[in-house]
Amino acid sequence: DDITDFLNYVFLPLFLMYQARMLPDGQNGWLLAPLIASAYGFCQVSAKTDDGFFLGFPSYWNLIVFYLYTLNPPPWFTIGALIVFSVLTFVPMRYLYPSQPGRLNKLSLVLGAVWALLLLLILWGARTEPLDGDRAQKLASVSLFYPFYYLVASLVVTVRYWMAAREQRQR
């Protein structure tokens, strides 16, 4: 299961980045950062917490590459995203795991359904317009509400967890 996930969520999206020449000439070495970080993440027994979260960035490279490809930001932003999310693999933050029971998971699933519909519209439109076309870029920009929600909600959960752990240590 982990090998299949690694191939689909990490290797193939990074290979797409390479094949699509999304990085400037001579900069493809940056693709090793997410590849190595994700290999580390997938090897961790504690990658999922007992209370229903991912621990460390959960290797959503398929989504990151989708947005980088569709929105076509400047190369410095693309390289920065590769570095930041690679580093976040090693930071013990708790990331929402929407299919697990939890306080925010119903909201996450509802927002995720809206987000999925937007992504389907983007992909449906790709039949007649390039994925990085104007319509796709506008829809992708709107659909960023969910990744931002996901990251902010995960940060809030993490900070609350860290604060509770700190209070526990002080007792």
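Here goes a summary of the coordinates provided. (Residues numbered from 1 in each chain as written. Predicted model: local features only at pLDDT ≥ 70, side-chain atom pairs only at ≥ 80, totals over all residues. Heavy atoms only, no water.)

### Observations regarding a nonpolar patch on the surface
Short version of the rule: Only residues whose relative accessible area exceeds 30% and that take part in no salt bridge are eligible for patches, with like-charged residues grouped when within 9 Å of each other and nonpolar side chains (Val, Leu, Ile, Met, Phe, Trp, Tyr) grouped when within 5 Å. For the area figures, the Shrake-Rupley method with a 1.4 Å probe applies, and any residue is considered shielded solely by the protein chains shown. By definition, a salt bridge exists where a carboxyl oxygen of Asp or Glu is found within 4 Å of a side-chain nitrogen of Lys or Arg. For helices the rule is a DSSP run of H or I covering at least 4 residues; for strands it is a run of E covering at least 2, with both sets numbered from the N terminus onward. Type-normalised accessible area, obtained with a 1.4 Å probe on protein chains alone, sets the label of each residue: buried when under 20%, exposed when over 50%, and partly exposed for intermediate values.
Taken together, the side chains of Ile3, Leu7, Phe11, Leu12, Phe15 and Tyr18 present a nonpolar region at the surface, about 600 Å² in accessible area. Within the secondary structure, Phe15 is located in helix 1 (residues 2-19). Phe15 gets classed as partly exposed once you look at its relative accessible area, which sits at 41%.

### Remarks on helix 7 (residues 145-170)
Going by this rule: Each residue after the first adds 1.5 Å to the expected span of a helix. Should any heavy atoms of two residues lie within 4.5 Å, those residues are considered in contact.
Here helix 7 contains 26 residues, and its C-alpha end-to-end distance of 37 Å stays within 8% of the 38 Å for a straight helix at 1.5 Å per residue. All buried positions along helix 7 are accounted for by Tyr146, Tyr149, Tyr150, Ala153, Ser154, Val157 and Thr158. Where helix 7 is buried, its residues touch strand 1 (53-55), strand 2 (94-96), helix 5 (105-125) and helix 6 (134-143).

### Focus on the packing of aromatic side chains
Condition: The criterion for an aromatic pair is that two Phe, Tyr or Trp rings (for Trp, the six-membered ring) have centres within 6.5 Å, with stacked assigned to planes under 30 degrees apart, edge-to-face to planes over 60 apart and tilted to the rest. Here, a charge over a ring means that NZ of Lys or CZ of Arg falls within 6 Å of the ring centre while also lying within 35 degrees of the ring normal.
What the rule picks out here adds up to 18 aromatic pairs. Aromatic side chains Phe11 and Phe15 sit 6.1 Å apart centroid to centroid with 10 degrees between the ring planes, which places their arrangement in the stacked category. Taken together, the positions of Phe11 and Phe15, both in helix 1 and four residues apart, correspond to about one turn of that helix. Ring geometry for Phe66 and Tyr67: centres 5.4 Å apart, planes at 80 degrees, overall edge-to-face. Here Phe66 matches Tyr67 in class, with each residue buried. Aromatic ring contacts, followed pair by pair, group Phe54, Phe57, Tyr60, Trp61, Phe85, Tyr95, Tyr97 and Tyr150 into a single cluster. Its guanidinium or amino end placed over the ring of Trp124, Arg127 lies 3.8 Å from that ring's centre, counting from NZ or CZ.

None of this, on its own, says anything about what the molecule does.
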